[in-house]
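Structural description and commentary
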Amino acid sequence: MSIDAIGKIAKYFNMTIDQLVNFEGDIPQEVTIEDKSLAEQIKLIQGLELEEKNMVFKMVDTFLTQKKFKDFFQKNIATL
């Protein structure tokens with residue numbers, strides 16, 4: 001692995017190369033997205049396989065469509 005690649009990895013994780021190479025912390029077993037900002041969540045989604053990415057976006061589309069229908073019906077029922 002080249003020093004440039006290591007530098008990019010360190011930058012991605014907001015670390016120095018020294019911190020990355022001599023890491024003394026606990027390595028997480030699982031990544032949870034609850035503590036991540038929207039931008040960080042998008043970065044994590046971008047790293048998924050195409051099929052997994054499509055599944056995530058289908059779920060998001062489904063929830064957004066349900067919300068739009070719910071808002072539409074609540075608005076129109078209120079006017080009756």
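Just so it is clear, the model here is predicted, and its values are computed rather than measured. The residue numbers shown here count from 1 along each chain, following its written sequence. The predicted origin of the model limits local features to residues at a pLDDT of at least 70 and limits the giving and counting of side-chain atom pairs to 80 or more, whereas totals for whole chains, interfaces and linings rest on all residues. Side-chain measures were taken over the full set of non-hydrogen atoms in the model, leaving aside hydrogen atoms and water.

**Considering the overall build of the chain**
Rules: Each helix is a run of DSSP H or I of at least 4 residues and each strand a run of E of at least 2, with the numbering of both proceeding from the N terminus. For the accessible areas, the method is Shrake-Rupley and the probe is 1.4 Å, while residue cover comes only from the protein chains on display.
The helix and strand tally for the chain stands at four helices and zero strands. Mapped in sequence order, the helices and strands of the chain form the string α-α-α-α. Here the chain displays about 7,700 Å² of accessible surface, and carbon together with sulfur accounts for 60% of that area.

**Examining the packing of aromatic side chains**
Centre-to-centre distance and the angle between the planes together describe a pair of aromatic rings. Note the following rule: Each pair of aromatic rings taken from Phe, Tyr and Trp, with Trp reduced to its six-membered ring, is defined by centres within 6.5 Å and is described as stacked if the planes are under 30 degrees apart, edge-to-face if over 60, and tilted in the remaining cases. Think of it in three bands: residues with accessible area under 20% of the maximum for their type are buried, residues over 50% are exposed, and the middle band is partly exposed, with areas taken using a 1.4 Å probe on protein chains only.
On inspection of all chains with the given rule, the structure shows three aromatic pairs. Between tyrosine 12 and phenylalanine 13, the ring centres sit 5.1 Å apart and the planes meet at 90 degrees, which makes this aromatic pair edge-to-face. Phenylalanine 13 sits in the exposed class, given a relative accessible area of 52%. For the ring pair phenylalanine 69 and phenylalanine 73, a centre distance of 6.3 Å and an interplane angle of 20 degrees mean the geometry is stacked.

**Topic: unusual backbone geometry**
Leaving glycine aside, a negative phi is the common case for residues, and trans is the common case for peptide bonds. The phi dihedral of asparagine 14 is positive, around 60 degrees, even though this residue is not glycine. Judged by relative accessible area, which is 72%, asparagine 14 ranks as exposed.

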